[in-house]
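Per-entry structural report
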Amino acid sequence: MKIGTKILILFLTLNFLSCKGIAQETATEKLTTEIDFSDTEKNSIPKPIGIINDYGQIFTESQLTELSKILYDYDIETTRQIVVVTVDSIKPYNNIQKFATDLGQTWRVGTVEKNNGLTIVVCNPCRQIGIATGTGTELILTDEICKKVIEEKIIPEFKNGEFYSGIKKGVIELIEKWK
């Protein structure tokens, strides 16, 4: 087995084992400690398959590998976890931000001690993107910063049909601002 493949498997395994995060929140929609999910909403949250969950199938294998390396390297270096999710629908949700927040909470993105997760959700058919931050993350990556990254880095690429490029540029910008 090639060394690159072994490293990728190691990163995937470490990520899976480190999924002991805590619930995510965003400043735009503060949640109480008691979360009222309807059964329908609970059932609409997909199961995590890794640090990138391309349910919307917008990335190629090489793009998944490259983006995974960026995210895993950052996680290993900082213990800050960024998860990227693509979906074809956010139903029964009407708000992608709420969906991203609930998804981050359900998957427990970030570490328990620092609540330092970040969840990026893209719904291509819905033409929506949302970024949900943990309470430890939002101290640095405020809603304004996340919105600016979406508007200035991600959306221009999406308008050109370059979804991977938009996500990659957005992730790199968020990592730079989070250091």
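Notes on the structure in this doc start here. All values reported here derive from a predicted model rather than from experimental measurement. (Residues numbered from 1 in each chain as written. Predicted model: local features only at pLDDT ≥ 70, side-chain atom pairs only at ≥ 80, totals over all residues. Heavy atoms only, no water.)

Another point: the pairing of strand 3 (residues 117–123). Burial within strand 3 is extensive, with 7 of its 7 residues counted as buried. Side chains of strand 3 alternate between two faces, with Gly117, Thr119, Val121 and Cys123 and Leu118, Ile120 and Val122 buried alike. The pairing of strand 2 (residues 81–87) with strand 3 spans 7 bridges and is classified as parallel. Bridging across to strand 3, isoleucine 82 finds its partner in leucine 118. Pairing geometry for strand 3 and strand 4 (residues 128–133), over 6 bridges, is antiparallel. Each bridged residue has a counterpart across the sheet, and for cysteine 123 the counterpart in strand 4 is glutamine 128. Connecting strand 3 to the next strand, strand 4, in antiparallel fashion are 4 residues, including arginine 127 with a positive phi near 60°. (Buried < 20%, exposed > 50% of the residue type's maximum accessible area, 1.4 Å probe, protein only. Helix = DSSP H or I, 4+ residues; strand = E, 2+ residues; numbered from the N terminus. Pairing = 2+ DSSP bridges.)

Take the sheet that holds strand 4 next. If you walk across this open sheet you meet the 4 strands as 1-2-3-4, and the pairing is mixed. Among the strands making up the open sheet, the edge pair consists of strand 1 (52–54) and strand 4. Recorded for the sheet is a direction-independent mean angle of 10° between the axes of neighbouring strands. With respect to the sheet, helix 4 (residues 96–107) is in contact with strand 1, strand 2, strand 3 and strand 4, its orientation differing from that of strand 4 by roughly 45°. Sheet contacts for helix 5 (residues 143–159): strand 3 and strand 4; angle to strand 4, the most-contacted strand, approximately 145°. (Axes fitted to C-alpha atoms, helices over the stretch in contact; angles between N-to-C directions. Contact = heavy atoms within 4.5 Å.)

Here we come to the state of the cysteines. Scanning the model with the defined rule gives 1 disulfide in all. Each sulfur of the disulfide joining cysteine 123 and cysteine 126 lies 2.2 Å from the other. Since a negative S-S torsion denotes a left-handed disulfide, the cysteine 123-cysteine 126 link at about 45° is right-handed. Judged by relative accessible area, which is 1%, cysteine 123 ranks as buried. (Disulfide = S-S within 2.5 Å.)

This part is about the packing of helix 5 against helix 6 (residues 163–178). Running from N to C, helix 5 and helix 6 point in directions that differ by 155°, and their axes come no closer than 7 Å. As summarised for this structure, helix 5 and helix 6 are arranged roughly antiparallel, according to the angle between their axes. When the axes of helix 5 and helix 6 are compared, the crossing they make is right-handed. Where helix 5 approaches helix 6, its residues Ile145, Cys146, Val149, Lys153, Ile154, Glu157 and Phe158 are matched on the opposing element by Phe163, Ser165, Gly166, Ile167, Lys169, Gly170, Glu173, Leu174 and Lys177. (Parallel < 35°, antiparallel > 145°, perpendicular 65-115°, else oblique. Left-handed = near helix turned anticlockwise from the far one by under 90°.)

Turning our attention to the packing of aromatic side chains. Applying the stated criterion across every chain yields a total of 4 aromatic pairs. Seen from their ring centres, phenylalanine 59 and tyrosine 164 are 5.9 Å apart, and the 85° between their planes marks the pair as edge-to-face. Here the residue phenylalanine 59 occupies a position in the loop between strand 1 and helix 3 (61–78), and tyrosine 164 occupies one in helix 6, the gap between them amounting to 105 residues. One exposure class covers both phenylalanine 59 and tyrosine 164, and it is buried. (Phe/Tyr/Trp six-rings, centres within 6.5 Å; stacked < 30°, edge-to-face > 60°.)

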